[in-house]
Amino acid sequence: MNNPLSICIRFSILLLSLGLFNSKDLYSQDTVACDGKLFMIYGQPNSNEPVKFGTIDSTTGSFTSISDTNVFYTVVGFNPIDHFIYCYDRTSKQIHRYNNQGFVSNLGVVSGLNVTENMYAGGFHSNGKLYITGHPNDNSIYVVSISGNSATLSSTITRQFSG
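Residues numbered from 1 in each chain as written. Predicted model: local features only at pLDDT ≥ 70, side-chain atom pairs only at ≥ 80, totals over all residues. Heavy atoms only, no water.

Novice: Explain the nonpolar core residue by residue, including any values.
Specialist: Note on soluble globular proteins: their nonpolar side chains tend to be buried together. Within the largest apolar cluster, 16 residues are counted, with the highest numbers of intra-cluster contacts made by Tyr 86, Tyr 88, Ile 95, Ile 132, Val 144, Ile 146 and Ala 151. Of all the secondary-structure elements, those providing two or more residues to this core are β5 (85-89), β8 (119-124), β9 (130-134) and β10 (140-147). With three residues, the single largest contributor to this core is β10. For Ile 95, the residues in contact, after removing those within four places along its chain, are Tyr 86, Cys 87, Tyr 88, Ser 105, Asn 106, Leu 107, Gly 108, Val 110, Leu 130, Ile 132, Ile 146 and Ala 151. (Core = buried A, V, L, I, M, F, W, Y, C linked by side-chain atoms within 4.5 Å. Buried < 20%, exposed > 50% of the residue type's maximum accessible area, 1.4 Å probe, protein only. Helix = DSSP H or I, 4+ residues; strand = E, 2+ residues; numbered from the N terminus. Contact = heavy atoms within 4.5 Å.)

Novice: Describe the packing of aromatic side chains, with residues and values.
Specialist: All chains considered together, the criterion is met by one aromatic pair. A ring pair is formed by Tyr 86 and Phe 124, whose centres lie 5.5 Å apart and whose planes are at 55 degrees; its orientation type is tilted. Of this pair, Tyr 86 sits in strand β5 while Phe 124 sits in strand β8; the two residues are 38 residues apart in sequence, bridging distant segments of the chain. We note that Tyr 86, like Phe 124, is buried. Over the ring of Phe 84 we find Arg 97; its NZ or CZ atom is 5.1 Å from the centre of that ring. (Phe/Tyr/Trp six-rings, centres within 6.5 Å; stacked < 30°, edge-to-face > 60°. Lys NZ or Arg CZ within 6 Å of the ring centre and 35° of its normal.)

Novice: Any chance you could break down the sheet that holds strand β7 (residues 104-109) for me, citing the residues and the numbers?
Specialist: Spatial strand order, β4-β5-β6-β7: four strands in an open sheet with antiparallel pairing. Each end of this open sheet is capped by a strand with a single partner; those strands are β4 (73-78) and β7. Averaged over all neighbouring strand pairs, the angle between strand axes comes to 20 degrees, with direction disregarded. Two elements, β4 and β5, share five bridges in a ladder whose sense is antiparallel. Bridge pairing links Val 75 to Tyr 88 in β5. (Pairing = 2+ DSSP bridges. Axes fitted to C-alpha atoms, helices over the stretch in contact; angles between N-to-C directions.)

Novice: So, the confidence of the model for the chain: which residues are in play, and what are the values?
Specialist: Per-residue pLDDT for the chain averages 74, and the proportion of residues at 70 or more is 75%. For the stretch residues 1-28, pLDDT sits under 50, and the model shows 17 contacts to residues farther than four places along the chain or on other chains. (pLDDT = per-residue confidence, 0-100.)

Novice: Give me the lowdown on the side chain of Asp 82, citing residues and values where you can.
Specialist: By the secondary structure assignment, Asp 82 is in the loop between β4 and β5. In this structure Asp 82 is buried but unpaired, with Arg 97 as the nearest side chain of opposite charge at 4.8 Å. At a separation of 3.1 Å, a polar atom in the side chain of Asp 82 contacts the main-chain amide nitrogen of Phe 84. Side chain to side chain, Asp 82 and Tyr 86 meet in a polar contact 2.5 Å long. (Lys, Arg positive; Asp, Glu negative; His and termini not counted. Salt bridge = Lys/Arg side-chain N within 4 Å of Asp/Glu carboxyl O. Polar contact = N/O pair within 3.5 Å; in protein donor to acceptor, adjacent residues only side chain to side chain.)

Right under this line is the structure:
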């Protein structure tokens, strides 16, 4: 059939199959631009003050809050593939995704992480995988794959210490 809806659907499928949309465009228009803006999360979740998520002006040092939360984030990273900011909640052991407006999506607990130890450090590789590590008692680096609204453990690397 050549009705307008049929033509529009076929054209959209053609554009997708030719790769003329990149995956970032399919997620949201609220992705975080890689424009040199500095994002920061700070605060003490056990106090009466909320943890702040916002931006810092690199010239003046002034902080602009995007949102407040009562979550204790210990790992924060920018995913270069989908252009969102991801955080690890030390209390609930969940991965959260932030867009540029400060709205959060909860991706849940990553099955396979050692949740008995706290995770303290992490960051994204250029391939979009999140690397998380924590307490010295747990000599593992966890590699987490982010896809859509889920975060899954894809591998574990054993840390080697030499003295």
